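This is what each chain is made of:
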Amino acid sequence: MRFCIHREVLGTPWHVVFDSQTQQVNKTETIPQQQELVLTHETIEELSRLYLVQFPKFPSPAFLTLFQGLVKTTTARAIPWCLCLPHKALRKAVITFARECDRILCSEIGSLDYWNQTYKPANKILTHIHLYPLTLKDQSNKKGYKRNLASNSSIRYSRIETVTGRLKVVSGLDIQTMKRETRDSFSESLLGSLWELDYKSLEPRVLLALKEPRTEAIPEDIYEHIRKELETKASREGIKKVVLSEMFGASSPPCSSFRKQDIEFISGFMGLPEMRRKVLSDYNSNNRQYITNYYGRRISTVNAKPYMLVNYYIQSTAVDVALLGFSQMATHLEVSGSGVPVFMVHDALTVDTISDSVIPELCEVGSRGIKGFEHVTFFLNSRKLKPVS
């Protein structure tokens, strides 16, 4: 493995490249173009959360203690260590830090497949959203006065603040906690029209897609399909409650009208018995510290109960599916010049498009060809947001 340590981490005017095979550290003024892994403060934090490991601090705690007066007045990140430490001490500190990072990457993490093949590709949608200025209007005033809640501020999300990777707003409007009516209250589209595209029954669909043997035809309306298979008078909503209850590990059925065999049929249809055995085996083999989702992200289970494991696994996998699908859509919008993504709320993406005719093709792009689930169609609902009058 070869990786680069960014100068911002080292407090030096140069970066370093470390080669695991030779254990050599080399200075470089510029980051090599083909360098896949560059350790910045942000990257180290992300890798630590994604793989549940702890990278060392730079410089070592011993040096931080020596300079504790300086550290108290500023952050260790902002200190130019190349001006504070003697040359030999700095070189030794850099080599020690690089080798310890190498040990963690090679021994504790092992494979960076999730980072390279899923996490980074799925970040494309967030990169686009970060660039989009957002203005939200408050229409609560009966006289029609519109109060600006945020002017020209983009939303920034984090994928490492929650256990399963569900997005959390870390700056800008906390769009995820707002009521739909408030989110819809934009003054007007900058391009043409605003649309919300929402994955249908995403988590149950992911669960079904992982059922063995894999099926090529997962119904668009999963709950209605189960209702017909059961030949029951129960409502679609009732079936939905049972499915979600079983997935989330509820201790009692949500509706007394369902017989035990009905619930067992639903559980079997969704592949839940096999999934429970799978995640429990993973849980035990990792000393009950974590499980990994379908793509390889580690999910901490230190504070989890066994009944929560399926929910953790499916929710985390579904987050990656949604981000990969939305990233495909962002690429399509960019290449075609037909619109821009505006913000996300869990499984829903709001886009600003130049024409309503863009939407069917965009939904097609986001529903098929998602990595690891090429055999599945992830259907999307589409809803046009009405402009504020």
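Report follows, based on the coordinates.

Analysis parameters
Residues numbered from 1 in each chain as written. Predicted model: local features only at pLDDT ≥ 70, side-chain atom pairs only at ≥ 80, totals over all residues. Heavy atoms only, no water. Axes fitted to C-alpha atoms, helices over the stretch in contact; angles between N-to-C directions. Helix = DSSP H or I, 4+ residues; strand = E, 2+ residues; numbered from the N terminus. Contact = heavy atoms within 4.5 Å. Nonpolar A, V, L, I, M, F, W, Y, C, P; charged D, E, K, R; others polar. Core = buried A, V, L, I, M, F, W, Y, C linked by side-chain atoms within 4.5 Å. Buried < 20%, exposed > 50% of the residue type's maximum accessible area, 1.4 Å probe, protein only. Arc of directions from axis to C-beta.

Focus: the packing of helix H13 (residues 260-270) against helix H14 (residues 272-285)
Helix-helix packing: each pair is described by the crossing angle between the helix axes and the interaxial distance.
(1) Moving on: Between H13 and H14, the least distance of the axes is 5 Å, while the angle of their chain directions is 60 degrees. Contact residues: H13 offers Ser-267, Gly-268 and Met-270, while H14 offers Leu-272, Pro-273 and Arg-276.
(2) Moving on: Tallied by class, residues from the contact of H13 with H14 come to three nonpolar, two polar and one charged.

Side note on the nonpolar core
(1) Moving on: Core analysis: the biggest nonpolar cluster contains 113 residues, and Tyr-157, Met-270 and Met-344 have the highest contact counts within it.
(2) Moving on: With 15 residues, the single largest contributor to this core is helix H15 (residues 309-336).
(3) Moving on: Leave out the neighbours within four places in its chain, and Met-344 touches Ile-125, Leu-126, Ile-129, Tyr-157, Leu-167, Ile-175, Gln-176, Leu-323, Phe-326 and Leu-349.

Quick notes on H13
(1) Moving on: Within H13, burial applies to Asp-262, Ile-263, Ile-266, Ser-267, Phe-269 and Met-270. One side of H13 holds all its buried residues, which, seen down the axis, span an arc of 165 degrees.
(2) Moving on: Its buried side turned inward, H13 meets helix H10 (202-209), helix H11 (222-230), helix H12 (236-248) and H14.
(3) Moving on: Just downstream of H13 lies Gly-271, where phi reads positive at about 80 degrees.

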